[in-house]
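Descriptive analysis of the structure
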Amino acid sequence: MGWCRAIPGRWMNRLAGSPPLTPEERDEVPVIEIGGKEIVARNLRPSMAYKAMLAERVPTAQTRWARDGLDFGSDWCQVYSLPFKVTESTKLQSLQFRILHRYFPTRRFLCIRKVIDDPFCENCGEIETITHLFISCSEVQTFWHDLIEAIQRRTDSVIQATERDVIFGNIEQPAIINLVFLVAKQFIVNNRHQDCASSLNAFRQSLLRMFELEKAVATKRGKYDRFRKKWALFMCGNTMQL
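Below is a short write-up of the structure. Model, not experiment: these values are computed from the prediction. One numbering rule holds for all chains: residues counted from 1, following each sequence as written. Local features in this predicted model are restricted to residues whose pLDDT is 70 or higher, and side-chain atom pairs enter the listing and the counts only when it is 80 or higher, whereas totals over whole chains, interfaces and linings include all residues. The side-chain figures draw on all heavy atoms in the structure; neither hydrogens nor water molecules are used.

1. A short note on the packing of aromatic side chains
To keep it simple, the criterion reads: Two rings belonging to Phe, Tyr or Trp (six-membered ring only in the last case) form a pair when the distance between their centres is within 6.5 Å. Interplanar angles under 30 degrees mark stacking, angles over 60 mark edge-to-face geometry, and anything in between is tilted. Throughout this description, buried means an accessible area under 20% of the type-specific maximum (1.4 Å probe, protein chains only), exposed means over 50%, and partly exposed covers the range between. To sit over a ring, a charge needs its Lys NZ or Arg CZ within 6 Å of the ring centre and within 35 degrees of the ring normal.
Scanning all chains against the criterion turns up 16 aromatic pairs. Note on Phe72 and Trp76: the rings are 5.1 Å apart at their centroids and 75° apart in plane angle, and the pair reads as edge-to-face. Each member of the pair, Phe72 as well as Trp76, is classed as buried. Cluster of aromatic residues (ring-pair linked, three or more members): Trp65, Phe72, Trp76, Tyr80 and Phe168. Against the face of Phe72 rests Arg164, its NZ or CZ located 4.2 Å from the ring centre.

2. Remarks on the environment of Val31
Note the following rule: By the criteria applied, helices consist of DSSP H or I runs no shorter than four residues and strands consist of E runs no shorter than two, each listed in order from the N terminus. Residue contacts are defined here by distance: any two heavy atoms, one from each residue, within 4.5 Å place the two residues in contact.
Tracing the backbone through its elements, the reader meets Val31 in strand β1 (residues 31–34). Relative accessible area serves as the criterion here: at 44%, Val31 is assigned to the partly exposed category. Separated by twelve residues in sequence, Val31 and Asn43 have C-alpha atoms that sit 9.4 Å apart. Not counting residues within four places of it along the chain, the set of residues in contact with Val31 comprises Glu38, Ile39, Val40 and Ala41.

3. Looking at the nonpolar core
The condition is simple: For our purposes a nonpolar core is just a set of buried Ala, Val, Leu, Ile, Met, Phe, Trp, Tyr and Cys residues, chained together by side-chain atoms within 4.5 Å.
Judged by nonpolar contacts, the single largest core of 53 residues is most densely connected at Phe134, Trp144, Leu147, Ile151, Phe203, Trp231 and Leu242. Secondary structure elements with two or more residues in this core: α5 (60–67), α6 (76–86), α7 (90–100), α9 (130–136), α10 (138–155), α11 (163–168), α12 (175–193) and α13 (200–221). Sort the elements by how many residues they give to this core and α12 lands first, with eleven residues.

4. Re the pattern of salt bridges
Our working definition: By salt bridge we mean one thing: a side-chain nitrogen of Lys or Arg within 4 Å of a carboxyl oxygen of Asp or Glu.
The final tally for this structure, using the stated rule, is eight salt bridges. The shortest N-O distance in the salt bridge between Arg107 and Asp118 comes to 3.3 Å. On the criterion of sequence distance, the pair formed by Arg107 in helix α8 (residues 107–112) and Asp118 in the loop between α8 and α9 is long-range, its members being eleven residues apart. According to the relative accessible area criterion, Asp118 is partly exposed, its value standing at 28%. Arg153 is paired through a salt bridge with Glu149; the nearest N and O atoms lie 3.9 Å apart. Taken together, the residues Arg153 and Glu149, both in helix α10 and four residues apart, mark about one turn of the helix. Accessibility expressed as a relative area gives 36% for Glu149, which makes it partly exposed. Among the charged side chains, a salt-bridge network with shared partners connects Arg107, Asp118 and Glu122.

5. Some thoughts on the packing of α12 against α13
In plain terms, the rule: Interaxial angle, 0 to 180 degrees, is taken between N-to-C directions of lines fitted to C-alpha atoms, where a helix line uses only the stretch in contact. Here is the rule for angles: anything less than 35 degrees is roughly parallel, anything more than 145 is roughly antiparallel, 65 through 115 is roughly perpendicular, and the remaining ranges are oblique. Rotating anticlockwise by less than a right angle from the far helix to the near helix defines a left-handed crossing, while the corresponding clockwise rotation defines a right-handed one. Under the scheme applied here, ten amino acids are nonpolar (Ala, Val, Leu, Ile, Met, Phe, Trp, Tyr, Cys and Pro), four are charged (Asp, Glu, Lys and Arg), and all others, including Gly, are polar.
Between α12 and α13, whose axes approach to 10 Å, the crossing angle comes to 125°. One finds that α12 runs oblique with respect to α13. Between α12 and α13 lies a crossing whose hand is right-handed. Only Ala202, Phe203, Ser206, Leu207, Met210 and Glu214 of α13 make contact with α12, whose side of the interface consists of Leu179, Val180, Val183, Ala184 and Phe187. In terms of residue class, the contact of α12 with α13 is made up of nine nonpolar, one polar and one charged.

6. Re unusual backbone geometry
Most peptide bonds take the trans form, and the phi angle of most residues other than glycine is negative. A positive phi angle, close to 55°, is found at Arg102, a residue other than glycine. Positionally, Arg102 belongs in the loop between α7 and α8. Here Arg102 falls in the partly exposed class, since its relative accessible area comes to 25%. Residues other than glycine seldom take positive phi values, yet Asp195 does so here, at roughly 55°. With respect to the element layout, Asp195 can be found in the loop between α12 and α13. Given the relative accessible area of 65%, Asp195 is considered exposed.

Structure representation (structure tokens):
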């Protein structure tokens, strides 16, 4: 029967080698323990087993980040959820998802898959990895330096912009700073595709567009006060300044 073929082979082998059930055992209601909870077998859903398996599995990308010295231990769940807390932009959420799972098309990524012939950055000649593209390349280092200085002048506070903060975000920093970093990473990607240098003046326009978009959405939903609170560090009247 078709459903028998869906049972994994190792399960079939264990069943084949198990003793037959006694009459008392046949009358028992089968219970399965998942995630520390006992669930009656007839109430079991595939999604329950799937979630339990996912909880025990460490993503491959997470292991590779740890090998690179970028590990968050028990805080990984907060790292994964951070982009969804700071923005509703699916474009930015998707960008961060690809970065976290190391599935972003850098030149090294494309070269390994034989899409292009070499993995070297077209700006500086170094191997283009995720960290190189977004923070280590000499071109973007200047951009990040100017951006952090501008943020600190505007907010009169010290902003962390280490490799970890730029690549993963910082759960200790205000949501708006993490949003600015997300917009900055998308800005770097767009400029790379257009073969343009990343400059602070041009970035201000990208951030202003995000500001106006979020303001329009918040106004329509009647949540303008929440919007003002989120953007308070950069608000000047009804507009944004950086």
